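Architecture at a glance
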Amino acid sequence: MIRRLLLAATLLALTGCSAVGHWRQAAGGHLGITRAARPVDEWLADAKTPADLAERLRLSQQMRDFATARLALPDNNSYRRYADLGRAAAVWNVVAAPEFGFTLKTWCYPIMGCAGYQGWFDLDTARARADALKAEGWEVQVQAIPAYSTLGWSRLLGGDPLLNTFIRYPEGELAAMIFHELAHQRVYVSDDTGFNEAYASAVELIGARQWLAARPEALAAFEAGRARRAAFLALAREGRERLQRVYDGPADARAAGKAAVMAELREVPGYEGWFQRANNASFAILSAYSDLVPAFERLFEREGRDWVKFHAAVERLAALSREQRRANLRSPEGGSDDLDPATRQTR
């Protein structure tokens, strides 16, 4: 792994100072988190560990075991350690989209591939980067992120740890967080944020429901929260589609049309706060996480609700082109086995 990090640093040195600066803070930020983490067993043996935290850590380890035994997610040292970062977010993501569109700006890095967001471990630095992008004409959001995945490559440093930023989530959401991040270690495609996030979001949803199956009260609370989220996503999707129609229209009418749609959305009861802050970047990143989730849920059902077969099917999809993945997922009978093998590509 050290050789890979050195190679990445060398390649980044060829891409300019801004890339080097981002890599340096990303590596330093993650190392800071790994140094702060201690094995869960040590926290549980420490008399100074608060009782409520100890309870959550024990629960997290049961979830971690469930993830491997029942969901066929990686069996490694991730989420076997815990760190209190002394802050409310693990990292702050900068996301950007154009004034009249929803195509996310992407950042690409050697080895890691490309993503529609750029993470910063310092909030002020993230805000400064956002301001620079705004000056270039981008619509930008800075989002507080409670957890992230290193895709398994940090296992030699102790793996991705549990964090104070999410350990006290309600039971269903804590399980969902762990399952989501482990899913990124199971299947990850360079350059396709929408595919990666929707797959992990489907895993978290289905997995959390299975985890909560014997806990009716916690399951009811989880479902209520997800129902509220589904209602919000439907409103956001409708708003994004209305804006897209404006953007597809005459160029000289886009600014006024956009302003009119946004003014209406900011009056949506119960969600005024989100829509008042929203811009194209907000809609775009929300779409990346949610639009393909139903397709992955259908794939899970087509694979007989068998997790091993499901992950294998997703891996086969991952070997296709971006366009083939979406066409296959959105097909009523779509699965990864109904394409001519000659059309399959390798990464």
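One structure accompanies this document, and this report is about it. (Residues numbered from 1 in each chain as written. Predicted model: local features only at pLDDT ≥ 70, side-chain atom pairs only at ≥ 80, totals over all residues. Heavy atoms only, no water.)

Describing unusual backbone geometry
Although it is not a glycine, D191 sits at a positive phi angle of roughly 75 degrees. With respect to the helices and strands, the residue D191 is situated in the loop between helix 6 (171-186) and helix 7 (193-211). The partly exposed category is assigned to D191, whose relative accessible area is 47%. One non-glycine residue, R305, lies in the positive phi region at around 55 degrees. (Helix = DSSP H or I, 4+ residues; strand = E, 2+ residues; numbered from the N terminus. Buried < 20%, exposed > 50% of the residue type's maximum accessible area, 1.4 Å probe, protein only.)

As for the sheet that holds strand 7 (residues 139-145)
Strand order across the open sheet formed by three strands is 6-3-7, with antiparallel pairing between neighbours. In this open sheet, the two edge strands, each paired with only one partner strand, are strand 6 (118-120) and strand 7. Averaged over all adjacent pairs, the angle separating strand axes in this sheet is 25 degrees, with direction ignored. Of the strand pairs in this sheet, strand 3 (residues 91-97) and strand 7 are connected by seven bridges, and their pairing is antiparallel. Bridging from a neighbouring strand, V95 pairs with Q141 of strand 7. Strands strand 3, strand 6 and strand 7 of the sheet are contacted by helix 5 (residues 123-135), whose axis makes an angle of about 165 degrees with strand 7. Contacts between helix 11 (residues 280-290) and the sheet are confined to strand 3 and strand 7, with strand 7 contributing the most and set at about 50 degrees to the helix. (Pairing = 2+ DSSP bridges. Axes fitted to C-alpha atoms, helices over the stretch in contact; angles between N-to-C directions. Contact = heavy atoms within 4.5 Å.)

Focus: the pattern of salt bridges
Opposite charge on two side chains permits pairing when their charged atoms draw close. Applying the stated rule across the entire model yields 18 salt bridges. Between K258 and E139 there is a salt bridge; the shortest N-O distance is 2.2 Å. In this pair, K258 sits in helix 9 (residues 254-265) while E139 sits in strand 7, placing the two residues 119 residues apart along the sequence. The two residues K258 and E139 agree in class, both being buried. With its nearest N and O atoms 2.4 Å apart, the salt bridge here joins E315 to R186. Taken together, the positions of E315 in helix 13 (residues 307-318) and R186 in helix 6 put the pair 129 residues apart, joining distant regions of the chain. Linked through salt bridges whose partners overlap, the residues forming this network are D192, R322, R325 and R326. (Salt bridge = Lys/Arg side-chain N within 4 Å of Asp/Glu carboxyl O.)

Focus: the sheet that holds strand 2 (residues 81-83)
Here we have three strands laid out as an open sheet, ordered 1-2-8, and mixed in their pairing. Looking at which strands have only one partner, the edges of the open sheet turn out to be strand 1 (38-39) and strand 8 (162-163). Two elements, strand 1 and strand 2, share two bridges in a ladder whose sense is antiparallel. Opposite P39, over in strand 2, you have R81 as the bridge partner.

What to know about helix 5
Between its first and last C-alpha atoms helix 5 spans 18 Å; for 13 residues at 1.5 Å apiece the expected length is 18 Å, and the two agree. Residues of helix 5 that are buried include every one of A126, A130 and L133, and no others. Down the axis of helix 5, the smallest arc covering the buried residues is 60 degrees, so these residues share one side. Seen from the buried face of helix 5, the exposed residues on the opposite side, beyond 90 degrees, are D124 and A135. Here helix 5 starts with a cap whose side-chain oxygen sits 3.3 Å from the backbone nitrogen of D124, and that cap is D122. Where helix 5 terminates, the next one or two residues include G137, which has phi positive at roughly 105 degrees. (Expected span 1.5 Å × (residues − 1). Arc of directions from axis to C-beta. Polar contact = N/O pair within 3.5 Å; in protein donor to acceptor, adjacent residues only side chain to side chain.)

Let's talk about empty space enclosed by the protein
Here the structure, examined in full by the defined rule, presents two cavities of 30 Å³ or more. Empty space within the largest cavity amounts to approximately 60 Å³. Together, H30, I33, Y79, A147, Y148, D160, P161 and L163 line the largest cavity. (1 Å grid on protein atoms, 1.4 Å probe; cavity = no way out; pocket = protein on both sides within 12 Å on 5 of 7 lines; lining within 4 Å. Points joined across faces, edges and corners; volume = space filled by probe spheres on them.)

Remarks on the packing of aromatic side chains
The full count for this structure, using the stated rule, is 20 aromatic pairs. On the numbers, 6.1 Å between centres and 75 degrees between planes, the contact of F102 with F283 is edge-to-face. Placement of F102 in the loop between strand 3 and strand 4 (107-109) and of F283 in helix 11 is noted, with a sequence separation of 181 residues between them. Here F102 falls in the buried class, since its relative accessible area comes to 14%. Ring centres of F121 and Y148 lie 5.8 Å apart, and the angle between their planes is 85 degrees; on these two criteria the pair is classed as edge-to-face. Taken together, the residues span a long stretch of sequence, with F121 in the loop between strand 6 and helix 5 and Y148 in the loop between strand 7 and strand 8 at a distance of 27 residues. Exposure remark for F121: the relative accessible area of 15% places this residue in the buried category. A network of ring pairs unites the aromatic residues F100, F102, F232, Y247, Y271, W274, F275 and F283 as a single cluster. (Phe/Tyr/Trp six-rings, centres within 6.5 Å; stacked < 30°, edge-to-face > 60°.)

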